[in-house]
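Below are the chains, spelled out letter by letter.
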Amino acid sequence: MEELLYDYIIIGGGVAGLASAQYAARGGLKTVVIQGSSFGGQVMQIADLENYPGVYPNVSGADFIEKMQEQTMAFGAKMEYGPVTSIDKVENTFTVKTKSKSFKAPAVLIATGAVHRNLGVPGEKELTGRGVSYCATCDGPFFKNKRIVVVGGGDSACSEAIYLSSLSDDVKIIHRRDSFRAQQAVIDKMLKSGVQPVYDSVVKSVNGSNKVESVTVENVKTGKTEELACDAVFVFVGMLPQNELVDMLKKDEQGYIITGEDMETSVPGLFAAGDVRAKSFRQIVTAVADGAIAANSAKKYRE
């Protein structure tokens, strides 16, 4: 197995990881970013990035990541592909392994992000890829002018509903509460776009034989159920942090990794940034900030 020596190893190629790599490499640390498949993470699902400071006019998430990756490599950081299989620490050195390579460094950043949570209702798993989706920009165009249901009430759900409303005039958003949790500007834009809210309701099942045909919805206040005909169901009901590699670390009740303000975890020299970290607000701009702080902390740790 090939063994490679670095000052700083970053696991995860989303905005937190790439930002950290930029600051670390620019600061003189020999840095590598290891990503399981494609770079970008959740940002790749953004059709229209409009609230990142200094980026105007709007760009797609894919274009944003492409430029960020080019910038990171220009500063001298290396990029490696392949899922990480293990992280170990002996004395003051971490060993990070993929299937074919072994990386060693005194400091490591966990920037593995989070993935979409499932509804866990009958029909969801069976009809995934047949009308059930977790990525509007990926699958939305397949349902142009079709009946679309979005499930969720946060920023992601409302933002994706806005995008889907550009493809269809029949978009409903189902939320378990009587008001959305998203930023007010996003909510206002969504409602103005013609998306129809279905408040105080949860999806009990996704129905259809070979494709999505409807959803069964229950009102949480009255207990009344109804069936809404639809061709697609887009699910955005929260995230699950990707913490499997570092299960030993201190985490909050939802499984997000607890760090200090310097991004260091309960293990010295091991840092966490971005959506995998416990914090009150998850946005691209906060993930980038996490990554920059982690790089600065890693440099201080090494000194």
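Keep in mind the model is a prediction, meaning the values are calculated, not measured.

1. A word on the layout of surface pockets
- Put simply, the second largest pocket is a space of about 230 Å³.
- Around the second largest pocket sit 14 residues that line it, and Leu-119, Val-151, Arg-176, Val-202 and Val-237 are the ones nearest its centre.
- For the lining of the second largest pocket, the residue count by class is seven nonpolar, four polar and three charged.

2. Some remarks on the sheet that holds strand β16 (residues 225-229)
- A sheet is described by the order of its strands in space; here three strands give the open sequence β14-β15-β16, paired in antiparallel fashion. Of all strands in the sheet, those with a lone pairing partner are β14 (201-207) and β16, marking the two edges. The average angle at which neighbouring strand axes cross in this sheet is 30 degrees, direction not considered.
- For β14 and strand β15 (residues 214-219), the ladder comprises six bridges, and the chain directions are antiparallel. Bridging across to β15, Val-202 finds its partner in Glu-218.

3. Details of the side chain of Asp-7
- Among the secondary structure elements, Asp-7 is positioned in the loop between β1 (2-5) and β2 (8-11).
- Here Lys-30 takes part through its backbone nitrogen, which lies 2.7 Å from a polar atom of the side chain of Asp-7.
- For Asp-7, the side chain forms a polar contact with the side chain of Arg-302, separated by 3.1 Å.
- Apart from residues lying up to four places away in sequence, Asp-7 is in contact with Gly-28, Leu-29, Lys-30, Ala-105, Pro-106, Ala-107 and Arg-302.

4. Here we look at helix α2 (residues 61-74)
- Relative to the 20 Å expected for 14 residues at 1.5 Å per residue, α2 spans 20 Å between its end C-alpha atoms, a close match to the ideal helical length.
- As for α2, its buried residues are in contact with α1 (15-26), β4 (78-81) and α6 (284-302).
- At the C-terminal side of α2, Gly-76 shows a positive phi close to 110 degrees.

5. Considering the environment of Glu-2
- Mapped onto the secondary structure, Glu-2 falls in strand β1.
- Ignoring sequence-local partners within four residues, the contact set of Glu-2 consists of Ser-100, Lys-101 and Ser-102.

6. Some points on the packing of helix α4 (residues 155-165) against helix α5 (residues 184-192)
- α5 packs onto α4 with a crossing angle of 30 degrees between their chain directions and a minimal axis gap of 9 Å. Relative to α5, α4 is oriented roughly parallel. The interaxial crossing formed by α4 with α5 has left-handed handedness. Contacts between α4 and α5 pair Asp-155, Cys-158, Ser-159, Ala-161 and Ile-162 from the former with Val-186, Lys-189 and Met-190 from the latter.
- Each residue belonging to the contact of α4 with α5 can be placed in one class, and the counts come to five nonpolar, one polar and two charged.

What counts, and where the lines are drawn
- Residues numbered from 1 in each chain as written.
- Predicted model: local features only at pLDDT ≥ 70, side-chain atom pairs only at ≥ 80, totals over all residues.
- Heavy atoms only, no water.
- 1 Å grid on protein atoms, 1.4 Å probe; cavity = no way out; pocket = protein on both sides within 12 Å on 5 of 7 lines; lining within 4 Å.
- Points joined across faces, edges and corners; volume = space filled by probe spheres on them.
- Nonpolar A, V, L, I, M, F, W, Y, C, P; charged D, E, K, R; others polar.
- Pairing = 2+ DSSP bridges.
- Helix = DSSP H or I, 4+ residues; strand = E, 2+ residues; numbered from the N terminus.
- Axes fitted to C-alpha atoms, helices over the stretch in contact; angles between N-to-C directions.
- Polar contact = N/O pair within 3.5 Å; in protein donor to acceptor, adjacent residues only side chain to side chain.
- Contact = heavy atoms within 4.5 Å.
- Expected span 1.5 Å × (residues − 1).
- Parallel < 35°, antiparallel > 145°, perpendicular 65-115°, else oblique.
- Left-handed = near helix turned anticlockwise from the far one by under 90°.

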